[in-house]
Amino acid sequence: MSDTSTSDPTTAAPNDPGTADPQATEAAPTSATETAATESAVEVRTGEQPARSTSDGSGPVRLRVAPSPTGDPHVGTAYMSLFNLAYARQQGGQFVLRVEDTDRARFREDSEAQLYDMLGWLDLTWDEGPDIGGPYAPYRQSERLETYRPYVERLLADGHAYHCWCSTERLAQMREVQQKTKQPTGYDRLCHGKTREERAQLPGFSETPVVRMLVPDDVPLVFDDVIRGSVSAPRPDDQVILKADGFPTYHLAVVVDDHEMGITHVVRGEEWISSTPKHLLLYRWLGLEAPRFAHMPLLRNTDKSKISKRKNPAARLTWFREQGYLPEALVNFLALLAYPPQQDAEGVDVEVFTFEEFSRTFDWAKVNPIGPIFDLKKLEWLNGVHIRALDVGDFAGRLLPYLVADGILGETQSLGELARLRSVAELIQTRMALLTEAPALVRPFFVADDQLVIDDDARAQLKPDAGDVLDAALRALGDVDDHGTGVLGSGGDWNAATIEAALREAVVEGLGIKPRFAFGPLRTAVSGARISPPLFESMEILGKTSTLNRLRALKDSL
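It should be emphasised that the depicted structure is a prediction, and the values quoted were computed from it without experimental measurement.

1. Notes on the overall build of the chain
Along its length, the chain carries 23 helices and eleven strands. Here the chain holds 558 residues, and the buried ones make up 53% of them. For the chain, the accessible area works out to roughly 25,100 Å², and carbon and sulfur atoms hold 49% of it.

Here you go:
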């Protein structure tokens, strides 16, 4: 179990497709200069984590995130990482990634790799961790089992812990009785003060014991929280700290690891408030200095329930990349969930900002302790804003994974394909809120003319005069010269401005059709869709031959 877990923290026990104009997309560059220029037109974003830690562990503050590899990474892991990292960077400290893999029943081997992948995608980079090492390695709890045993033995020797041999069945019966009789739930200390032999004479005995804390009646329940001030927590029961399999529970491991790794601030979800008195007890019993605690508000669904991977796909961190959100937009959104907007020089709220801007002005006092609502409409708006802010080459590069996954482009692309993609990207960048909208908009530019499918809704909206419009367009565009005299055939008349002038004269003026109706058939012929990128620019990119082929094909099908 980890600080970002969605589980109850009180139960810690036991092909290259055909192209519209092959010459336009497959032509190889004729010089090294052109090669370099074309390759730089589409930028591929990697965002890789350094291969080796350079941390010496001596920062003024040290913070960590400690997820469990029990499935797809939770969005809460990114949320906690963001706030931890923002403060660590501001203070010149270190941010540690620790993997809390002591829950072997729910452990998933691929989950740790997903964790690195998704935090790396968000550019929430860590200074120390299992993958890059660091001065306090190892950073996986399963590799630190010998570290915990001396602490357990000390607690046993000092009378702060005891062995418990109660079976799972006996504990279940105990809880059932407590619930039926409306007693406080918690362990009843049947094993406390008994030897193994004495306990074996009683029902519900298990051969291999666990170790439990002996929580005193006067356990302090009030503590200071960096975000919330003075906080009161409920009285804890005798928590299991070492399981029968020899693995520590979260409660012991987190205290030992945070101490040994020099963690100064523990930032975690508010569901861990109830566990904090246990942790502070362990610090006190072991003679260790406790870190400062900051309990972040929980992310909530629109019905105000806790966001969970079981009920909400957006709880899975991988979902956001699958749906076409930009990592910087998601970081921006997560920051706004528990923190006010940035402000400009005039004091006006600015909701769109970078991680660097967020970190520079970060202040724990500004964190809102009220659980924020996870508003995907707000995230989609932010995503559109961040998309429009990208350099066109960067934007085109962000589209590539979605186009490859959809079979529109192959795993490797020719320079001609990349050049065309950049041109198309310029047309669609202002029209998109999600990167997953790209395939439908880009496909017409990379499909052979005779393979273009006309959508049913696009064909259905064609008017009776569509044939006349197409005939007029074919005559008008047939007269436009597409033979350029410049480098690589540039400088010809086949450009958006000339195309628009010719079509307006032929269709709007020649046929007397209003502009809003005049170009519908042409848009359908060129893109196969009712809604498409700008028509005249699309025709310029496709080239004269493909444009005329498509106009003619739709005309012949009417």
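Once the structure has been displayed, the description carries forward.
2. Focus on the UniProt feature "binding site: ATP" (unreviewed entry) in the chain
The UniProt record marks Lys309 with the feature "binding site: ATP" (unreviewed entry), using the residue numbering of this structure. Here Lys309 shows up in the loop between strand S9 (292-296) and helix H10 (317-322). The exposure class assigned to Lys309 is partly exposed, which follows from its relative accessible area of 29%. Those residues within four positions of Lys309 in sequence are excluded, and the remaining contacts are Gly71, Asp72, His74, Ala315 and Arg316.

3. A look at helix H21 (residues 520-527)
In an α-helix, one full turn covers 3.6 residues, which means residues spaced three or four apart are oriented alike. The element H21 is extensively covered by neighbouring structure, given that six of its eight residues are classed as buried. Listed in full, the buried residues belonging to H21 are Pro521, Leu522, Thr524, Ala525, Val526 and Ser527. Summarising the contacts, the buried residues of H21 are in contact with helix H17 (456-460), helix H18 (466-478), helix H19 (496-511), helix H20 (515-518), helix H22 (535-542) and helix H23 (544-557). Once H21 ends, the next one or two residues include Gly528, with phi positive near 80°.

4. Concerning helix H9 (residues 276-285)
Among the ten residues in H9, eight count as buried, and that is most of the element. For H9, every residue scored as buried is listed here: Thr276, Pro277, Lys278, His279, Leu281, Leu282, Tyr283 and Trp285. Elements that come into contact with the buried residues of H9 comprise helix H5 (145-157), strand S4 (205-213), strand S5 (222-225), helix H8 (250-260), strand S8 (265-269) and S9. After H9 finishes, the residue Gly287 shows a positive phi value of roughly 70°.

5. So, the nonpolar core
Leu477, Leu522, Met539 and Leu551 are the most contacted members of the largest nonpolar core, which has 64 residues in total. Listing elements by their share of this core, those giving two or more residues are helix H14 (392-405), helix H15 (415-428), helix H16 (438-442), H18, H19, H21, H22 and H23. Every residue in contact with Leu522, bar those within four places of it in the chain, is listed here: Val469, Leu470, Ala473, Leu503, Leu535, Met539 and Leu551. Leu63, Phe83, Ala88 and Leu124 belong to the second largest nonpolar core, which has 57 residues in total.

6. Section: the sheet that holds strand S7 (residues 240-242)
Spatial ordering of the open sheet is given by S3-S4-S7, a layout of three strands whose pairing is antiparallel. At either end of the open sheet lies a strand with only one pairing partner, and these are strand S3 (161-166) and S7. Between one strand axis and the next, the sheet turns through 55° on average, direction left out of account. In the sheet, S4 pairs with S7 via two bridges, with the strands oriented antiparallel. Of the residues in S7, the one forming a bridge with Arg212 is Val240.

7. Topic: the UniProt feature "short sequence motif: 'HIGH' region" (unreviewed entry) in the chain
When the UniProt feature table is mapped onto this chain, "short sequence motif: 'HIGH' region" (unreviewed entry) is found at residues 67-77. Along residues 67-77 one finds 27% helix and 0% strand; the C-alpha atoms at either end are 7 Å apart.

8. Focus on the state of the cysteines
Counted under the stated rule, the structure contains zero disulfides. No disulfide involves Cys164; its nearest neighbouring cysteine sulfur is the one of Cys191, lying 3.9 Å away. Here Cys191 falls in the buried class, since its relative accessible area comes to 1%.

9. Some points on the side chain of Asp257
Residue placement: Asp257 occurs in helix H8. Overall, the relative accessible area of 0% leaves Asp257 in the buried class. A distance of 2.7 Å separates a polar atom in the side chain of Asp257 from a polar atom in the side chain of Tyr148. In contact with Asp257, other than residues within four places in its own chain, are Arg98, Gln141, Arg144 and Tyr148.

10. Focus: the environment of Phe293
Residue position: Phe293 is located in strand S9. Judged by its relative accessible area of 4%, Phe293 is buried. Residues Phe293 and Val266, spaced 27 residues apart in sequence, show a C-alpha to C-alpha distance of 4.9 Å.

11. A short note on unusual backbone geometry
Across the junction of Ala137 and Pro138, the peptide omega takes the value 5°, indicating a cis bond. By the secondary structure assignment, Pro138 is in the loop between helix H4 (111-121) and H5. Even without a glycine there, the phi angle at Lys304 is positive, about 75°. By the secondary structure assignment, Lys304 is in the loop between S9 and H10. Looking at Lys304, the relative accessible area reads 61%, which means it is exposed.

12. As for the pairing of strand S2 (residues 94-97)
Alternating residues of S2 divide into Gln94 and Val96 and Phe95 and Leu97, and every residue in both groups is buried. Where strand S1 (residues 62-65) and S2 come together, four bridges link them in parallel fashion. Bridge pairing in S2 links Arg62 to Gln94. With helix H3 (residues 75-91) bridging S1 and its parallel neighbour S2, the resulting β-α-β unit is right-handed.

Rules and cut-offs
Along each chain, numbering runs from 1 in the same order as the chain's sequence is written. In keeping with the model being predicted, local features are shown solely for residues with a pLDDT of at least 70 and side-chain atom pairs are shown and tallied solely at 80 or more, while totals for entire chains, interfaces and linings include all residues. Remark: hydrogens and water are excluded; side-chain values derive from all non-hydrogen atoms of the structure. Elements are defined by DSSP. Helices are runs of H or I of four residues or more, strands are runs of E of two residues or more, and each kind is numbered from the N terminus. Working definition: with a 1.4 Å probe on protein chains only, accessible area under 20% of the residue-type maximum means buried, over 50% means exposed, and in between means partly exposed. Values of accessible area rely on a 1.4 Å probe in the Shrake-Rupley scheme; residue burial ignores everything except the protein chains shown. UniProt positions are given in the numbering used here, feature names are shortened, and annotations may be inferred rather than shown by experiment. Any pair of residues with heavy atoms lying within 4.5 Å of one another is described as a contacting pair. Throughout this description, the term nonpolar core refers to a set of buried Ala, Val, Leu, Ile, Met, Phe, Trp, Tyr and Cys residues connected via side-chain atoms within 4.5 Å. Here a strand pair is declared whenever DSSP counts at least two bridges between the two strands. Between N-to-C directions, angles span 0 to 180 degrees; the directions come from axes that are lines fitted to C-alpha atoms, helices contributing only their stretch in contact. To count as a disulfide, a pair of cysteine sulfur atoms needs to be within 2.5 Å. As used in this structure description, the phrase polar contact means that two N or O atoms lie within 3.5 Å; if the pair is within protein, one of them must be able to donate a hydrogen and the other to accept it, and residues adjacent in sequence are counted only when both atoms belong to side chains. Whether a crossover is right-handed comes down to one check: with the strands pointing away from the viewer, does the path from the first strand over the helix to the second run clockwise; if it does, it is right-handed.

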